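Each chain is listed here by its residues.
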Amino acid sequence: MMKRILAHIFALVLVGTAGLSAQSMTADEILHNVKKQFDQVKDYTVALKVSVDMERMQIPEMLVTLYFKQPDKVHVEAKNFSMVPREAVGLNPAQLIDKFDAKLMDTQKNGDTTMYKLRLVSKPEKGKPVRESYMWIDGTRWVITHFESAPSEARKVIADLAYETVDGKYILPSRVDVRMETQQPADSTAEKMYAPQRLPRKGSAVILYSDYRVNTGLSDEIFQKKEEGGKK
């Protein structure tokens, strides 16, 4: 009888261990799940309302039309949209996989959802500095909910993303809150060197998405016009 009990206990331990192993995921597997969810969207058009609060600058509210087509075509119709970091508007999972090496840093439970924290380091590229970013991923919907990046040594970009379900199946951003922070004191030598033409030290932006049109078969000409316009 004791042998049978021990055998059952051993079997339960094996099943439990197998379950834990199946649930543990690598950073690459997590990013591929995000990409798989996003790959359902072949293209989209969306209206953006952008409100920017930037130090030493007055920027009126912007109405923007954003076009996207897989794998990485983006066209923005608006003036002065460069004031908002592009990485905060649309995080493309395919580009994250291609351009960064990822490592799983932490796993936490938030109700019924597992949240994954990843560290991303840019892959070596001649003439470009190594960049480090962190992102938090919702393991139920497989979307990025929080993102932190330092595009330069002096400044940091932080973004929080909310989502909506479009046409009953596509999970796409509904709101992005962006903060831009300086990582150097106001009286530092680096800051004083560029005065009075230095960039704003800090600011924030709120981006609201509405009127999505998904998988309408956008023409490549929309994105070609953007390229031609940039050459003029």
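Nothing here was measured: the structure is a model prediction, and the numbers come from that model.

Calculation criteria
Residues numbered from 1 in each chain as written. Predicted model: local features only at pLDDT ≥ 70, side-chain atom pairs only at ≥ 80, totals over all residues. Heavy atoms only, no water. pLDDT = per-residue confidence, 0-100. Contact = heavy atoms within 4.5 Å. Pairing = 2+ DSSP bridges. Helix = DSSP H or I, 4+ residues; strand = E, 2+ residues; numbered from the N terminus. Axes fitted to C-alpha atoms, helices over the stretch in contact; angles between N-to-C directions. Core = buried A, V, L, I, M, F, W, Y, C linked by side-chain atoms within 4.5 Å. Buried < 20%, exposed > 50% of the residue type's maximum accessible area, 1.4 Å probe, protein only. Salt bridge = Lys/Arg side-chain N within 4 Å of Asp/Glu carboxyl O.

Here the focus is the confidence of the model for the protein. On average, residues of the protein score 79 in pLDDT, and 71% of them reach the 70 mark or higher. In the predicted structure, residues 227-232 sits below a pLDDT of 50 and forms zero contacts with residues beyond four places in sequence or in another chain.

Attention now moves to the sheet that holds strand β6 (residues 132-138). A sheet is described by the order of its strands in space; here ten strands give the open sequence β3-β2-β1-β10-β9-β8-β7-β6-β5-β4, paired in antiparallel fashion. The sheet terminates laterally at β3 (73-77) and β4 (100-110), the two strands that pair on one side only. Going across the sheet, the axis of each strand differs from the next one's by a mean of 20°, ignoring polarity. Here eight bridges tie strand β1 (residues 43-54) to strand β2 (residues 62-69), and the two strands are oriented antiparallel to one another. In the sheet register, D43 faces β2, and the bridge partner there is K69.

Our next topic: the nonpolar core. Of all hydrophobic cores here, the largest spans 47 residues; its most connected members are Y44, M135, I137 and L172. Every residue in contact with I137, bar those within four places of it in the chain, is listed here: I30, L31, V34, T114, M115, Y116, L118, W142, V143 and I144.

Looking now at the pairing of β1. In the sheet, β1 pairs with strand β10 (residues 203-214) via ten bridges, with the strands oriented antiparallel. Its bridge partner lying in β10, D53 is registered against S204.

On to unusual backbone geometry. With an omega dihedral of 5°, the bond running from Q70 to P71 counts as a cis peptide bond. Structurally, P71 can be placed in the loop between β2 and β3. Phi is positive for W142, close to 60°, though the residue is something other than glycine. Here W142 shows up in the loop between β6 and β7 (143-149). With relative accessibility at 17%, the residue W142 sits in the buried group. One non-glycine residue, N215, lies in positive phi territory at about 55°.

Another point: the pattern of salt bridges. Considering all chains together, one arrives at nine salt bridges under this definition. Residue K35 pairs with D39 through a salt bridge whose shortest N-O separation is 2.8 Å. The salt bridge involving E125 is made with K128; its shortest N-O contact spans 3.6 Å. For K128, a relative accessible area of 54% gives the class exposed. Counted as one network, the salt bridges with shared partners bring together D160, R179 and E181.

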